[in-house]
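Residue-level listing of the chains:
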Amino acid sequence: MNAPVEGFSKLTKAEKIDWITKNYTQNPTTAKQLLERYWNPEEAVQKLHDEFIENTLSNYYLPFAIAPNFLINGKLYAIPMAIEESSVVAAASKAAKFWSDRGGFKTKILGTEKVGQVHFIYTGDYKKLEAFFEEIKPQLLASVSTITQKMEKRGGGVKEIALRNFSEKIQGYYQLHCTFETLDAMGANFINSCLEQFAKTLKEKASSYSGFTTEEKDLEVVMSILSNYVPNCLVKAEVSCKISDLDEGDISGEVFAQKLVRAVDIAKAEPYRAVTHNKGIMNGIDAVVLATGNDFRAVEAGIHAYAAKDGHYSSLTHASIENDVFRFWIEVPLALGTVGGLTSLHPMVKLALEILQEPTARELMQIVAVAGLAQNFAALRSLVTTGIQKGHMKMHLLNMLNQLGASEHEKKQLVTYFKDHTVTNASVKEALERIQSK
Ligand code: MEV
């Protein structure tokens, strides 16, 4: 067993690589070479990446791709996606093309409110706490004026501070539940700075409030942190068309629309399916969130909580047929930024935002929601018609061939061969062996 390491973060990069490869890999030389091969040849770029996090040894690549032809509110976008899963970008592009021929995507921002909370314990009389809170509210707001000044100039800032009583759930537990408008910034740092100042002011004012007993004056701040649950930072994206415009091959538009509505109904009724249904949506959402340097963990956490907002986990998308019109839409909470964070640092993120025509955070919310809706449409379309494996395995073919060590020439031959043959692990292996034995 390896011994724990002391002061690892203080070692140089070379020393860290030495230590990890010697202690945790079978072949330190190969591992070291691999880590070094993934460095960026440009020193400045590598340094930038090294400094994003601690203990950086190398870079971890994901493909960066484009799904073109997204017509959103009449404007054409090519959407950058960072994702490893074979069929996602192809599916998004296919859905984009399909809907650009049918009027495109329409989107609407339903809210942009962010949330943060100061969690505290107060063991006294609630009425007194309420009176205290009302009295100090202007002082709480004033105490963050240096933090909010710039944001306010641009039209954002703190929207509201409310006192919330959770003492029936946890003895003495209350919150300052605060809402914010952070414009084009995701706002985590801004919100957390405001919250920590609110907490300080709250504690300070309580300690000298004449209406409190000595014990009440000693309220305890447990923590101050933004919430990634943002049900009022919400965007809607929608497509619609006459059901006859959905006619395709040997399946009528009417039957196809009914199948799609039924698939969505199943995801609404049943959590096992809902989770996979929403996972497909997240294939699109996460890929754009990641490409644009946003926090996909925050987005994931907030979206899944939203999917369960009615007491059970359900579909994020909805579908209906009314008067021969098929409608398919999504409503998702998305706290995104197009300034701050990685957006002005990571060269690929800057490029992704440039490709998206330098969107505002509101525009990015709409683009991301569209990517999620498109992905869900593409997945359901395959699932209720051909089945998912046909397209998925086709896209996975190159991964399989790479794994089997096929040469470029063999890959080319087999991609052609599998245009009209079924892709399975066995069939690919067999076909490769066949051409290799010739
Ligand atoms: C695979 O990444 C995503 C799907 O499973 C989504 C779905 O089932 O709706 C195809």
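Residues numbered from 1 in each chain as written. Predicted model: local features only at pLDDT ≥ 70, side-chain atom pairs only at ≥ 80, totals over all residues. Heavy atoms only, no water.

As assigned here, the protein comprises domain 1 (8-50), domain 2 (83-111 + 232-385), domain 3 (114-227) and domain 4 (392-437). If you average the C-alpha positions of domain 1 and of domain 2, the two centres end up 38 Å apart. (Domains from an automatic or database assignment.)

According to the stated counting rule, one finds 19 salt bridges in the structure shown. One salt bridge connects K137 with E160, and the closest N-O pair in it is separated by 3.3 Å. Of this pair, K137 sits in helix α5 (residues 126-143) while E160 sits in strand β5 (residues 157-165), and the two are 23 residues apart along the sequence. Its relative accessible area of 39% is what places E160 among the partly exposed residues. The partner of K236 in a salt bridge is E238, and the shortest N-O contact between them spans 3.8 Å. Exposure class is identical for K236 and E238. Each is buried. (Salt bridge = Lys/Arg side-chain N within 4 Å of Asp/Glu carboxyl O. Helix = DSSP H or I, 4+ residues; strand = E, 2+ residues; numbered from the N terminus. Buried < 20%, exposed > 50% of the residue type's maximum accessible area, 1.4 Å probe, protein only.)

Spatial strand order, β5-β6-β4-β7: four strands in an open sheet with antiparallel pairing. Only two strands of the sheet have a single neighbouring strand rather than two, namely β5 and β7 (220-227). In this sheet, adjacent strand axes meet at a mean angle of 15 degrees when their direction is disregarded. Two strands pair when backbone bridges link them, and β5 and strand β6 (residues 173-181) are joined in this way by eight bridges, in the antiparallel orientation. When the sheet's bridge partners are listed, E160 is paired in β6 with T179. Sitting on the sheet, α5 is in contact with β4 (114-121), β5 and β6, with an inclination near 170 degrees to β5. (Pairing = 2+ DSSP bridges. Axes fitted to C-alpha atoms, helices over the stretch in contact; angles between N-to-C directions. Contact = heavy atoms within 4.5 Å.)

Moving on, we come to helix α9 (residues 253-269). With 17 residues, α9 extends 24 Å from end C-alpha to end C-alpha; this agrees with the ideal 24 Å at 1.5 Å per step. Every buried residue of α9 is listed here: G253, F256, A257, L260, V261, A263, V264 and A267. Viewed along the axis of α9, the buried residues span an arc of 155 degrees, placing them on a single side of the element. Away from its buried face by more than 90 degrees, α9 exposes R262 and A269. Each element contacted by the buried residues of α9 is listed here: α10 (271-291), β9 (317-322), β10 (325-333) and α13 (361-384). (Expected span 1.5 Å × (residues − 1). Arc of directions from axis to C-beta.)

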